[in-house]
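# Overview (structure and organization)
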Amino acid sequence: MNSPYDPPKKHWQLNDEGQPTGAVNLGRRGSFHLVPIPAAQRRKQIDADQAFLNIEEETKENPIINRIRVLVDKWRLKSLEEDRTDITDVTRKLLAQWREGKTTPRPFFCQVEAAETLIWLNEIANKTDEGKQILEELRLANEEANPSLLRYASKMATGSGKTTVMAMMIAYHTINKVRYPASTRFSRNFLIIAPGITIKDRLRVLLPSDPENYYVGRGLIPTEFSQDIKQARIVITNYHVFRKREIYHLPKGTRDILKGHSDKDIETKETEGQMLERACKELLRSKDVIVINDEAHHCYRHKVDTGGKTEEEKPSTPEEKEEVKKNTEAARLWINGIEALGNKIGLKCVYDLSATPFFLRGSGYPEGRLFPWVVSDFALMDAIECGIVKLPRVPIDDGAMTSDKMPVYRNIYRHVSKDLPKKGRSKQGNMNPDDLPSTLLGAIASLYSHYEKTYKAWEKQGIDVPPVFIIVCNNTSTSKLVHDYIAGYELPNVDGIWKRGKLPLFSNIGDDGQPLSHLHTLLIDSEQLDSGEAMNDEFKRAAAKEIDLFKREYRQRFPDRDVSKLTDEDLLREVMNTVGKKDRLGEQVRCVVSVSMLTEGWDTNNVTHILGIRAFGTQLLCEQVVGRGLRRFSYELETEGEHKGLFRPEYADVFGVPFAFAKGTKVPSPQPPNKPHRVRAMDDRARSAISFPRVRGYSIKTPDERLIARFDENSRLTISPEDAPPRTEQRGIVGEGIMMTLDDLKQHRINEVVFYLTAETARLFTRQNENHETPPLLYRDLIPITRRWMNDYLTCLGGTFAQYLLWKPFAVKAAERIHRACAPHKEDKPESYIPIIDQFTPEGTSHSVDFMTSRKRRHDTNANKCHVNIAVCDSDWEIDFCLILESDVHVKSYVRNDGLGFEVPYTYQKKDHLYEPDFIAHIDDGHGDEDLLNLVIEIKGKKDDRARVKADTMNRRWIPSVNGDGRWGRWQFVEIMNMQDAREILAGFSWGSGRQANQPN
């Protein structure tokens, strides 16, 4: 319901249980979270042998987040004003880059807001009383939970792009530190800590040296900062490196002899200093290091026990105890490593990013309690309402009369846990895959049936990778049984005899009874793989056949590589991390059966179905499991209809995860995403390549030229009572009425308006001048021009009057119209603007086009007329126009401006913007093949005020300045408002038409 790129404008109303009521509320939802109800408040009737918990929680507001959000919203409105001094010029330029859609892909609002909040805390908060109070509250919260550390956490839903926010903050600090080296607010030293190797490998895009780095690849920094960002010093690691390693191993007998009668054990592990030297050597000579924690909910200091009691519930089952043990060990390692680095060199601050920044079980706090240092929140419900993630659908009614009135398939584990092996394959006994509980088999069959329809829909659409079904199990025994049931297995004690899987699309055994050459179902223990340590023998035995198969496939795909150098862990990690990725080992995997949780940071985006077969104690755990399947497959905006400018909904169907807030719906027919296509420049069409200048602004060529104004219909401005009524009657339900008027405004003299408008217009000239200097005698020329505009091109209707122009919004509109109409003038050269060319990349070309699209409106171009194989279009008109261009003999080549990077700078409502015209065509207008006309073409159904500004800028600034420069040939611009006239308009620029290259359309 909301754009992913703007602040949310509305939200679903939720009831006390977190369920949508069906009503829509205007404005943004406040930040709140669900808090587990302590045991004493729970229902007394709880199953005795509970391998699962009844999920009961209450909603609490996050007051500090909501207060910060209000203050950041107010600051955002003014933070880009050029006369503000509360932020640096670097900060202002970065914010403009992120907010105004100058990046590719454009950052989501939630990403920008997270970065803005951290910037506000760093540069703005200590300048106001409210800000100082918030900083003090955050300091106290950290002092209680993280002594000696200053942590700020950003809560961002899974799939909403935390890596981009990390890149933003690295760029913000690094570039500011380079430009303002004496400032203590900034640093260029960073330690980035991930929960495992998978995320660590993905985070390499944060290194400026990486070919796919986000700073350049996603345009997160203006080109003027491209050298500054290279001065960042960044170490990326996973928290496991903080475990002190054995320096040498001693047999027990030798250890006892050396120890003798001493009470102290023989120390054979690294010292803290040695560990840090190994883990982050590059930073040990630095100061003010900034730590960035990804999936930061794993990092906390266990709460100090005061009085022998803690607030959290004690684990009651073996599974819970094992989970507490793992959580505690991970948290201890992580926080100890950070504190050790802080003690050695000092830390500036710690930035935490997580979809679920809550205390885990075993922390000493109630599981699911929000970190008190969270400063921004974009929750899963918000991400769903903005279309950034898939919408999880859960069962809401199945007709079963269960005691808790919850559909059976909503929480499968509570119905089948007694009939599943408890732990490890050794506990499995004589159980075989066909012995799985009937309730579980029913759930598998039901969810698979819908998957099968989805698979066929994707196949019909021509999508190269299949949809993916993930199953999250409680232990190795269960995962192996489920895997063998759906994918098949080798019969025990009978070599070479295989039993085919019960689900055909997931079977790894073919119709001939032999294993397939490509696995359809993958059995994985992602937690072991992601630690970077060796897998245990039990799992290796379970996955032995898969490992051998992947080794054979690896040899076939990469005959020049030595597979013997790959460990089993490396190979399985490669398969897991490439599920759904074309031409990679995991490309055709359709089902992933995982022991415990799937890896955090697992970025597979084609998950459509999720089955949970494990205990779920809180909504925190539910959200983490469901989050593995919420990354969108397509990020194309709808281009028409009532949802224009919004993402098309995508869904993940979930069984077995008792997700509380997601309201289920009747399952519709599967709607596959559109098939992606590669759009690129073709080497064999290089003769049709088109180049263009990368213009970044315009400058007056000489300072002594006289300004003249050429006003036209685009220069007109109309003020009416709809803009601001001059008279308003006010009346209460009783009592005397009054008339509100603008008579006081009308008392100002017209000369005041003239001088005010002249000053506003002069500022526009100063902004666009290359040297930021006011041209001499500018006011002399502008004052009479402004008077003429007010007399001839200003219309005031319904009692409005010219003094409205003393209000800033009207003054800006008027000044921009006057500014666009003005040009320097000399007797021998009437147009004297020159282009400001990008100094780093002065020329763009169609050779650079290479991207993927799933847009339906596209045209396979004529190989003789277009360098790029596909023209991606916004409308049917544009497709028709491609055919017109290809059929016109005078059109030698053309290109659609999509992924081309052809941008025209213009100013609208006092802000700089970039305009992307639709096409560039090379036209034979009689000057020969060596001097073709470059025609810039815009296809426009209707023309609003902004479109007039774009066209005016093209005709009055871009075309004259580029033609005057001469390095890129002759250019002209045309708008086509009606396709019936398109051929005739195009013919007017062809050979013999007589039109001049720099004459406005």
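Before reading further, recall that the structure is shown in the block above.
These remarks concern the structure in this document. (Residues numbered from 1 in each chain as written. Predicted model: local features only at pLDDT ≥ 70, side-chain atom pairs only at ≥ 80, totals over all residues. Heavy atoms only, no water.)

Turning next to the nonpolar core. Among the nonpolar cores identified, the biggest contains 109 residues, and W98, W120 and L121 are the most heavily contacted of them. The leading source of residues in this core is helix 3 (residues 109-124), at 10 residues. Of all hydrophobic cores here, the second largest spans 83 residues; its members include F711, L717, Y833 and F989. (Core = buried A, V, L, I, M, F, W, Y, C linked by side-chain atoms within 4.5 Å. Buried < 20%, exposed > 50% of the residue type's maximum accessible area, 1.4 Å probe, protein only. Helix = DSSP H or I, 4+ residues; strand = E, 2+ residues; numbered from the N terminus.)

Turning next to the pairing of strand 37 (residues 933-939). When you tally the buried positions in strand 37, you get 7 out of 7 residues, the bulk of the element. Burial along strand 37 is two-sided: the residues L933, L935, I937 and I939 and N934, V936 and E938 are all buried. Both strand 37 and strand 38 (residues 970-976) contribute to a ladder of 7 bridges, which runs parallel. Its bridge partner being in strand 38, L935 is matched across the sheet by Q972. With helix 25 (residues 945-965) bridging strand 37 and the parallel strand 38, this β-α-β connection has right-handed handedness. (Pairing = 2+ DSSP bridges. Right-handed = clockwise from strand over helix to strand, strands pointing away.)

Before going further, it helps to examine the sheet that holds strand 18 (residues 651-655). In spatial order, the strands read 11-18-17-12-16-15; together these 6 strands make up an open sheet with parallel pairing. Edge positions in the sheet fall to strand 11 (391-393) and strand 15 (521-524), since each of these pairs with one other strand and no more. Across the sheet, the axes of successive neighbouring strands diverge by a mean angle of 20°, strand direction being ignored. Across 5 bridges, the pairing between strand 12 (residues 468-473) and strand 16 (residues 591-595) is parallel. Of the residues in strand 16, the one forming a bridge with I470 is V592. Each of strand 11, strand 12, strand 17 (607-613) and strand 18 is contacted by helix 13 (residues 438-461), which is oriented at about 170° to strand 17, the strand it contacts most. (Axes fitted to C-alpha atoms, helices over the stretch in contact; angles between N-to-C directions. Contact = heavy atoms within 4.5 Å.)

Look at helix 23 (residues 808-821): 20 Å from first C-alpha to last across 14 residues, which is about the 20 Å you get at 1.5 Å a residue. With respect to burial, helix 23 is a largely interior element, 11 of its 14 residues being buried. Looking at helix 23, one finds that the buried residues are F810, A811, V812, A814, A815, E816, R817, I818, H819, R820 and A821. (Expected span 1.5 Å × (residues − 1).)

Moving on: the sheet that holds strand 7 (residues 233-238). Hydrogen bonds between backbone atoms are what pair the strands of a sheet, whose relative direction is either parallel or antiparallel. Strands sit in the order 7-6-8-9-5-10 across an open sheet of 6 strands; the sheet is parallel. The strands lining the two open edges of the sheet, one partner per strand, are strand 7 and strand 10 (374-378). Each strand of the sheet is rotated relative to its neighbour by a mean of 15°, with strand direction disregarded. Across 6 bridges, the pairing between strand 6 (residues 189-194) and strand 7 is parallel. When the bridges of strand 7 are listed, I192 appears paired with I236. Across the face of the sheet, helix 5 (residues 162-179) comes into contact with strand 5 (151-156), strand 6, strand 7, strand 8 (289-294) and strand 9 (347-354) while running at roughly 160° to strand 9.

A separate point is unusual backbone geometry. Even without being glycine, S148 reaches a positive phi, approximately 80°. Mapped onto the fold, S148 is located in the loop between helix 4 (129-145) and strand 5. A relative accessible area of 61% places S148 in the exposed class. Within the chain, E295 stands out as a residue other than glycine whose phi angle is a positive 55°. Along the chain, the position of E295 falls in the loop between strand 8 and helix 10 (318-345).

Axis separation between helix 1 (residues 63-78) and helix 3 bottoms out at 10 Å; the angle between their running directions is 90°. The angle between helix 1 and helix 3 places the two elements in the roughly perpendicular class. Two secondary-structure elements touch here, helix 1 through I68, R69, L71, V72, W75 and R76 and helix 3 through F109, E113, E116, T117, I119, W120 and I124. Its residues placed into classes, the contact of helix 1 with helix 3 shows 8 nonpolar, 1 polar and 4 charged. (Parallel < 35°, antiparallel > 145°, perpendicular 65-115°, else oblique. Nonpolar A, V, L, I, M, F, W, Y, C, P; charged D, E, K, R; others polar.)

Within the fold, R896 resides in strand 33 (residues 891-896). At a separation of 3.1 Å, a polar atom in the side chain of R896 contacts the side chain of D874. In this structure, R896 is in contact with A871, V872, C873, D874, E878, D918 and F919, ignoring residues within four places of it in sequence. (Polar contact = N/O pair within 3.5 Å; in protein donor to acceptor, adjacent residues only side chain to side chain.)

Next up on the list: helix 24 (residues 876-887). Turn by turn, an α-helix covers 3.6 residues, leaving residues three or four places apart pointing in a common direction. If you check helix 24, its first and last C-alpha atoms are 17 Å apart, about what 12 residues at 1.5 Å a residue would give, namely 16 Å. Those residues of helix 24 not exposed but buried are E878, I879, F881, C882, I884, L885 and E886.

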